Amino acid sequence: MESSSPSPASSAEFDEEISSWKAALASASNILGYVVKEISTSEAKLVDEIAVDTFKKLNDLAPSGNEGLVGMESRLKNLEKLLSWEDLDSVHIIGIVGMVGIGKTTLADCLYGRMRGQFDGGCFLTNIRENSGRSGLESLLQKLFSTVLNDRDLEIGAPGNAHERFERRLKSKRLLIVLDDVNDEKQIRYLMGHCKWYQGGSRIIITTRDCKLIETIKGRKYVLPKLNDREALKLFSLNAFNDSFPLKEFEGLTNMVLDYAKGHPLALKVLGSDLCERDNLYWEAKLDRLKCRSHGDIYEVLETSYEELTIEQKNVFLDIACFFRSENVDYVTSLLNSHGVDVSSVIKDLVDKCLITLSDNRIEMHDMLQTMGKEISLKAETIGIRDFRWLSRHGNQCQWHIRLWDSEDICDILTKGQGTDKIRGIFLDTSKLRAMRLSAKAFKGMYNLKYLKIYDSHCSRGCEAEFKLHLRKGLDYLPNELTYLHWHGYPLQSIPLDFDPKNLVDFKLPHSQLAEIWDDEKDAGMLKWVDLSHSLNLHQCLGLANAQNLERLNLEGCCSRLEVFPEIKEDMESLEILLMDDTAITEMPKMMHLSNIKTFSLCGTSSQVSVSMFFMPPTLGCSRLTDLYLSRCSLYKLPDNIGGLSSLQSLCLSGNNIENLPESFNQLHNLKWFDLKFCKMLKSLPVLPQNLQYLDAHECESLETLENPLTPLTVGERIHSMFIFSNCYKLNQEAQESLVGHARIKSQLMANASVKRYYRGFIPEPLVGICYAATEIPSWFCHQRLGRSLEIPLPPHWCDTNFVGLALSVVVSFKDYEDSAKRFSVKCCGKFENQDGSFTRFDFTLAGWNEPCGSLSHEPRKLTSDHVFMGYNSCFHVKNLHGESNSCCYTKASFEFYVTDDETRKKIETSEVIKCGMSLVYVPEDDDCMLLKKKNLVQPSLKTGPSCSYDLDDVMDDVRPKRGLCQFSGGDERPECKRTKEEKILA
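Residues numbered from 1 in each chain as written. Predicted model: local features only at pLDDT ≥ 70, side-chain atom pairs only at ≥ 80, totals over all residues. Heavy atoms only, no water.

Naming follows an unreviewed UniProt entry, where the chain appears as ADP-ribosyl cyclase/cyclic ADP-ribose hydrolase of Arabidopsis arenosa. Turning to the chain, the UniProt record has this under Catalytic activity (unreviewed entry): "NAD(+) + H2O = ADP-D-ribose + nicotinamide + H(+)". (UniProt positions renumbered as here; feature names shortened; annotations may be inferred.)

Engineer: Residue-level account of the overall build of the chain, with values.
Structural biologist: The helix and strand inventory of the chain stands at 26 helices and 38 strands. Taken across its 987 residues, the chain has 53% of its residues classed as buried. When contacts within the chain are restricted to residue pairs at least 6 apart in sequence, long-range pairs at least 24 apart make up 66% of them. (Helix = DSSP H or I, 4+ residues; strand = E, 2+ residues; numbered from the N terminus. Buried < 20%, exposed > 50% of the residue type's maximum accessible area, 1.4 Å probe, protein only. Contact = heavy atoms within 4.5 Å.)

Engineer: Requested: an account of the packing of helix α16 (residues 311–324) against helix α18 (residues 343–352), with residues and values cited.
Structural biologist: When two helices pack together, their arrangement is given by the angle between their axes and by how far apart the axes lie. Contact geometry of α16 with α18 gives a least axis separation of 10 Å together with a crossing angle of 80°. Classed by the angle they form, the pair α16 and α18 counts as roughly perpendicular. On α18, the residues touching E312, Q313, V316 and F317 of α16 are V346, I347, D349 and L350. When the residues that make up the contact of α16 with α18 are grouped by side-chain class, the tally is 5 nonpolar, 1 polar and 2 charged. (Axes fitted to C-alpha atoms, helices over the stretch in contact; angles between N-to-C directions. Parallel < 35°, antiparallel > 145°, perpendicular 65-115°, else oblique. Nonpolar A, V, L, I, M, F, W, Y, C, P; charged D, E, K, R; others polar.)

Engineer: I'd like a description of the sheet that holds strand β1 (residues 92–97), backed by residues and values.
Structural biologist: Reading across the sheet, the 5 strands line up as β2-β3-β4-β1-β5 and stay open at both edges, with parallel pairing between neighbours. Two strands lie at the open edges of the sheet, namely β2 (121–125) and β5 (220–223), each paired on one side alone. Recorded for the sheet is a direction-independent mean angle of 15° between the axes of neighbouring strands. Where β1 meets strand β4 (residues 203–208), 6 bridges bridge the pair, whose relative direction is parallel. The residue of β4 that forms the bridge with V97 is T208. (Pairing = 2+ DSSP bridges.)

Engineer: For the confidence of the model for the chain, give the residues involved together with the corresponding values.
Structural biologist: Looking at the chain as a whole, the pLDDT averages 80, with 78% of positions reaching at least 70. Scored below 50 in pLDDT, residues 381–398 makes 25 contacts in the model with residues more than four places away or belonging to other chains. Contacts of residues 757–763 to residues separated by more than four positions or lying in other chains number 33 contacts, the stretch itself having pLDDT below 50. (pLDDT = per-residue confidence, 0-100.)

Engineer: For the pairing of strand β32 (residues 839–850), give the residues involved together with the corresponding values.
Structural biologist: For β32, the buried fraction is high: 9 of the 12 residues fall into the buried class. With 11 bridges joining them, strand β31 (residues 823–834) and β32 adopt antiparallel strand pairing. Bridge pairing in β32 places G830 opposite F842. The antiparallel hairpin formed by β31 and β32 contains 4 residues in its connecting segment, where G837 sits at a positive phi of about 95°.

Engineer: Pulling in residues and values, what's your account of the packing of aromatic side chains?
Structural biologist: Here a ring pair, both rings aromatic, is described through the centre-centre distance and the interplanar angle of the planes. Tallying each qualifying case throughout the model produces 35 aromatic pairs. An angle of 55° between the planes, with centres 5.8 Å apart, marks the rings of F241 and F250 as tilted. Taken individually, F241 and F250 each receive the classification buried, so the pair is uniform in this respect. Grouping aromatic residues by their ring pairs yields a cluster made of F323, F324, F427, Y451 and Y484. For the cation-ring pair, R174 lies above F119, with the distance from its terminal atom to the ring centre recorded as 4.4 Å. (Phe/Tyr/Trp six-rings, centres within 6.5 Å; stacked < 30°, edge-to-face > 60°. Lys NZ or Arg CZ within 6 Å of the ring centre and 35° of its normal.)

Engineer: Run through helix α12 (residues 251–261), naming residues and quoting values.
Structural biologist: Residues L253, T254, V257, L258, Y260 and A261 constitute the buried set of α12. Buried residues of α12 fall within an arc of 160° about the axis and therefore sit on the same side. (Arc of directions from axis to C-beta.)

Engineer: If you had to explain the side chain of D319 to someone new, which residues and values would you point to?
Structural biologist: Relative to the helices and strands, D319 resides in helix α16. D319 gets classed as buried once you look at its relative accessible area, which sits at 0%. Here the side chain of D319 touches R403 through a polar contact of 2.7 Å, side chain to side chain. With sequence-adjacent residues up to four places away left out, D319 is seen in contact with F324, L336, R403, R424 and Y451. (Polar contact = N/O pair within 3.5 Å; in protein donor to acceptor, adjacent residues only side chain to side chain.)

Below you can see the structure in the form of structure tokens.
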């Protein structure tokens, strides 16, 4: 055998290792060892204790282990702030709250690993919800005390007073305790006891899905947020691609996964691992399945939250998941209320348990929770529908209900008469169905049916219904338990005679064949929302006379047959919205019975209904009326006491024969939106209310004069305004000049107020915008050009401390223009260019209109001649870029103007900018303001509050008639082409 000598390199490594061992042994000899008395303990037990203690010390020195946990560091910092480590006098309890799978345990574990070494003792009790059910709370308490007191042989005795018994030992240490996955207050009380038994500076961390548990014990709450988009992308990519970013060919599919998971860490990890090293086809198939079915591993975790709910909580959760997600919380509460169940409390419980959230007063939930809820309902459906023998034997023992939305299953039940009392809700989308016949007994046996909706998802605009469900022998039965009945295009002339509306809350049958509803002897005391619009055969609705809790009633479009409004015997103090456009009603109820009405519409009536009822003294009339629509009502005059409508914000008088407005009109101090379109007999306008933001006087062809000033002006002016006088060809020169002068003064005052105290930000929409029929831009515009663009050199020191903005104007030539989009704006793209070649771009809106789509059913706006559009815009952002210096910072400015409908964003062929102009706007000198005051054009301002800035949509969205996409009859979206006026109230 040949011997080999070590290489010089290996020899050096060996010597280094020997040296390190010597140093370690020398260090160990200086460590205080264990002192053992021979009679005190056995050698075996001593070795065991040394091993346990050594392991504990090594564990405390181990790294926290949160490397690679995406988003963990920022959440740890937020949590540490709540823990107030520096406070050594108090015991703090912190609850980490969030939906299942959001990462509560992981966060608590990272915090425990990081901070355990700073405490005298600690314990992390994992999965208390599951372990307490398996081995009981007593064993968990034994583990807790043994760990924090470092005594494995500790006997806690009777658990009821264990904390008191060991109070002295507990108070001798600063402790860090984590109670993980708690789902019952008893668990906290049993394991934690009272804060007084712990030493100051101790911290107790609880992870739970239920916020209420933390509130009950008066702990601090940290709601664990979902991952943001960047964090979600990284976590998913680490699991799917073993990298921080996806492969380029999977970017689109990755975005679809991220949209599904919505920042949920568990879903991102599970799906990432599942999709790792899979091809595109597998990804697409998986994503397609996830639309209707949860991933198995995710479902198992999510379902634990559902299983902990009470029967009432389960029913409400499933109703929301299957039918009422994204609906208004008050609306859902009204619908789901049933005898003995406080739905408001149940919804709060579901929020506390992180199963639903409230956003803008609407109920929302994670997509995965909704999918899980629908899957749970499908389980019941599978049993309840497919196995009727099983149902007949066990139906009475079941606590579940069937919720149906699959068209095929619903059609089977309705055509075969297989309804059961376990069916709780039916939402039938007829868009993909062919015409089918239903039996008169189609709903027989569905005694517990609460929600019935038959609709066409492809016809969301409220068009005339296509009758696909035919009931040739009528309908014998509708369940009396119905609280929600929506049937678009109901094909019969009456409701079944035996139907009792006592539980009905929401009754919506638009475009129906109804001639009448139930008689007035039936109690409809629960009814809140009724929509019978465009039911052309409807001639009476006496059954609403006893609906004292009615809040909204829509009868618009019921045409010539509906002549009598239900006789109201009592005050309907809940009724806030009443829509009766295009009806033949000749007699209205006394306003004293509608004392709380907020929105009223009677457009297009051919009958001579007196409007005086709206202008009665506040004690008798409509003191709360905010929106009044009397378009095309053949009105010739308004009462002189119209100023008494102190709450009025929106008023539509378009298409009437009014010649003048009463002098008291300017007393409508809250009026913001005023529509006078097509009032062809109107000759003059008085001073209008000071807070008016939008005036549309299109085609008031007899209008000649305007009061000067058009609205009162104040030194602290802050109200953005848009005044439209299109096709007002008789508006005389003096009126045009006063309109332009009014806009100029108002914009200067607004800019002056802005400089002093209100706002200094970039405002892309006009402070004041106007439009009128004319062919020339006012001569005081310093820079004018033919065409749609201009480029000008700026004068020296143009941007001094008094510069506040720009006045922009154009002449637009219209050739057979017809406004189909109900939207029109003149816009400007501009650029300020520095001497060094750098530049600042900006976009402005000069003026225009943005009406509700299909606004009030009158004729479209047609223009065939030239019109001037003018707007005043703030330019504070230009000054902010270089400070308010006296230097000349820009040398050249360019402007390009164009017209748009703000919807298609395409060029409008029938209109063209043919002239354009620009002028710089400066703060008026104090002498100028004094002169304006002397002329009574400006009044002192009494307002001291902050200003609000609006863009063009804001100006008109806030004040236009609220007939836009909204929630009418509580839950459903109204058609976009016919905006309803209640949106403001529901917002």
